[in-house]
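Residue strings, one per chain:
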Amino acid sequence: VERRMARLSAARRRLALVASCLPAAIGFREFVRFVGTYVSGALARGLARLTPWFAVPGYSLGAAPLPEMAAGATSRGTVAVVGGGIAGCGAAWMLRRDGFDVVLYEARPATSGNARTFDWVDDVWRKSDASNTNDDDTVKSCVSVTAWPALLYKNYTALLAHLEIETCPMPLSWFLNSKVPGYEGTLWGADPRCDVEQGVNTLRDVFRSDFTAYARAERFARSCTDFFTLAWAPWKRGDTMSMYTNHTGLGLLNPLNVVPLYTLFRTLGGTDDWWDIVFTPYYTASFLVDELRPFPAVFGPIIEAQIPLNPTPDNSWHGRSWKSDQDCKLTTCVTWKDAGAGIRKVFKLLVEDVDVRVDTRILQVVVRPDGKKVVVDEHDGQVLADRVVFACPAAAAATMIKKPSKRLEETILAAPVYADDHHPATGHMHAVMHSDSSVIDERYRDDFLARGSNYVEVTRLDNGEINIENQYNFGVQTPGPGVAELPLAKKPVMLISHALGEGKKIDADLVRGGGNHARAHPLYSGWNVMAQLSLRLCQGRDGLYYCSNWTTPGNCHDMSLLSGFLCAHAIGAKYPFPQDAEAKKDFHRLNDLMGVF
């Protein structure tokens, strides 16, 4: 970690220099595009050649869309996509629809990237027509991407509708149990009540002033962002809520783009203890990142709308159900009706007409003098491509590129930081799938297993540090009458554990498997946003494009999918959902931020 941080410090100094030139570079790019649109395309291409160290979309060599298919031709060109996650598969699907030959490389045995699944095998499943149980008594659960807010994931929702993949509500419910001395208590995140005598959500009483301070911080961030993004303007009154509006209007002038939410919260009277014991553990269960102090304040209203700490009737429900007299759940999220089988079907349909090469790593992408790219894989295979889309981790892309001038790419691709840069071998990067319920505090075990989606236990270690233990309950998070709606007695315990607290141990006989989240979660930080904004200078340079979670301002399925769509569109493919006005707005909003075309 120390060596990685030392290299990162050097990379950040170089990135700061690039970012300082970004306004001038963006201004020049816009000037060239103006000339190309209103004066002369040839003149614009000549101006673009004056700055070969960064790309001008549509005019630099390799940055223009490939031409429409010629009469009698069978293909518009060949595109190689490196990486089989949702970004790479989305780009491949969009390109193939518009007549390109696409070769997709995936280093793992199957496509899906970070959206992985796990097969639970047991003999107690009760089968039904609507069940997710297979004939061999297995259930396929999603173990990384499990649910999403349909209101905000507009393009992924449109994609599922197009592919005819059914979804269903996902009743998420986080339960936080603090055992930190002096701050003991519990919290059901979807339940706004607090009853100390009955032991209901006692952390809301322990940290009463902090929850109030956080509500003030969230309201201030929302008001400030609405002001700078011109959300009050008459022409925006019909817009629905979006994750992609923070930079629109005068949004780039919003100071909360760089001011951390932590700083705003502390300024308004919040304490470090609440941040470390409540906020960070609660959202670590979603982001698998336990360093959230750099999290920009501009994103605060977005996460509060999806996974609230101060729930409202608009995003949560609490009351009596067949599971509990005091049940509660978030009402914002949906998931694939067929759980893991559903997500596998998505990826299968996205690449059904694509040349997919799994278990295949790319060794190098050589840019030839004529502009063609030679893609060389570990099996001595070669593909001659007109364009290449890197849908893989930043550092991996940097090592593959072989061309005379790649200083800019090396500078930007070396800067993004992932969660495993801080905790490469422990913590939330590694998971154990098991059926040992003893890891859940006995006082809350049965209640949690019946209705809770995430159990978060916070303890203070002997060395004084805070440990955040996460248990994901896939007996609840796997939908369908054959799993989620079964009583506990008729299904096995289905837990995925991260970062067990001191003294805890999982029965080896009850272990079902393991998981790894390396390179899955970029940190939410100003430095990563700086790298993402600077990446526009590389998009299309020498015919190379970049998409994936690290290329976007956040880390979610919809953003990654859209980043792939943007690269495909820059190469020449048409946007696939022109009839969905709100989804199309998000498509163009993200491009305004990424600057791909």
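These numbers were taken from a predicted model, which means no experiment stands behind them.

Which parts of the structure should I look at to understand the overall build of the chain?
Counting its secondary structure elements, the chain contains 18 helices and 23 strands. A compact globule built from 597 residues would reach a C-alpha radius of gyration of about 25 Å, and the chain, at 24 Å, matches this within 12%. In terms of principal-axis extent, the alpha carbons of the chain reach across some 75 × 55 × 50 Å. In the chain, which comprises 597 residues, the proportion classed as buried is 57%. Long-range contacts, defined as pairs at least 24 residues apart, comprise 70% of the intrachain contacts of the chain with a sequence gap of at least 6. Looking at the chain, you have 63 positive and 66 negative side-chain charges, and the mean spots of the two groups are 7 Å apart.

Sorry, what's going on with empty space enclosed by the protein here?
Rolling a probe over the atoms, with the probe sized like a water molecule, indicates the empty space that remains. Tallying each qualifying case throughout the model produces 3 cavities of 30 Å³ or more. Within this model, the largest cavity holds a volume of roughly 130 Å³. Every residue lining the largest cavity is counted, 17 residues in all, and those nearest its centre are P522, L523, N528, T552 and P553. In terms of residue class, the lining of the largest cavity is made up of 10 nonpolar, 7 polar and no charged.

Help me understand the sheet that holds strand β11 (residues 333–336) in this model?
Whether parallel or antiparallel, the strands of a sheet pair through hydrogen bonds between backbone atoms. On the basis of which strands lie adjacent, the open sheet formed by 3 strands has the order β5-β11-β6 and antiparallel pairing. Single-partner strands in this sheet number two, and they are β5 (148–149) and β6 (167–169). Looking at chain direction, β6 and β11 are connected through 3 bridges and run antiparallel. Along β11, the bridge assignment pairs C168 with T335.

Even after reading the chapter, I still don't get the pattern of salt bridges, so can you show me in this structure?
Two side chains with opposite charge may pair up if their charged atoms get near one another. The final tally for this structure, using the stated rule, is 31 salt bridges. Two residues, R589 and D239, come together in a salt bridge whose shortest N-O distance is 3.2 Å. Taken together, the positions of R589 in helix α18 (residues 581–594) and D239 in the loop between α7 (208–228) and α8 (261–267) put the pair 350 residues apart, joining distant regions of the chain. Residue class for R589 comes out buried when judged on its relative accessible area of 8%. Accessibility expressed as a relative area gives 26% for D239, which makes it partly exposed. Between K403 and D542 there is a salt bridge, with its nearest N and O atoms 2.7 Å apart. Of this pair, K403 sits in the loop between β17 (401–402) and α13 (407–413) while D542 is found in the loop between α16 (526–534) and β23 (544–546), placing the two residues 139 residues apart along the sequence. Via salt bridges that share partners, K179, D441, R443, E457, E469 and K504 belong to a single interconnected network.

Quick question: what am I supposed to make of a nonpolar patch on the surface here?
Together, F34, Y38, V39 and L43 make up an exposed nonpolar region whose accessible area comes to about 460 Å². Within the secondary structure layout, F34 lies in helix α2 (residues 22–38).

Is there a simple way to explain the pairing of strand β15 (residues 382–385) in this structure?
A regular strand places its side chains on the two faces of the sheet in alternate fashion. Every second residue of β15 is oriented toward a common face, the buried set being V383 and A385 and the non-buried set Q382 and L384. When strand β14 (residues 373–377) meets β15, the two strands line up antiparallel, connected through 4 bridges. Residue V376 lies in a different strand from β15, and its bridge partner there is Q382. A loop of 4 residues connects β14 with β15, the two strands running antiparallel in sequence, and D380 in this loop sits at a positive phi of about 70°.

Definitions and cut-offs
- Residues numbered from 1 in each chain as written.
- Predicted model: local features only at pLDDT ≥ 70, side-chain atom pairs only at ≥ 80, totals over all residues.
- Heavy atoms only, no water.
- Helix = DSSP H or I, 4+ residues; strand = E, 2+ residues; numbered from the N terminus.
- Rg over C-alpha atoms; globule rule 2.2 N^0.38 Å.
- Buried < 20%, exposed > 50% of the residue type's maximum accessible area, 1.4 Å probe, protein only.
- Contact = heavy atoms within 4.5 Å.
- Lys, Arg positive; Asp, Glu negative; His and termini not counted.
- Charge placed at Lys NZ, Arg CZ, Asp CG, Glu CD.
- 1 Å grid on protein atoms, 1.4 Å probe; cavity = no way out; pocket = protein on both sides within 12 Å on 5 of 7 lines; lining within 4 Å.
- Points joined across faces, edges and corners; volume = space filled by probe spheres on them.
- Nonpolar A, V, L, I, M, F, W, Y, C, P; charged D, E, K, R; others polar.
- Pairing = 2+ DSSP bridges.
- Salt bridge = Lys/Arg side-chain N within 4 Å of Asp/Glu carboxyl O.
- Patch = residues over 30% accessible without salt bridge, like charges linked within 9 Å, V, L, I, M, F, W, Y side chains within 5 Å.
- Areas by Shrake-Rupley, 256 points an atom, 1.4 Å probe, with all protein chains shown as cover.

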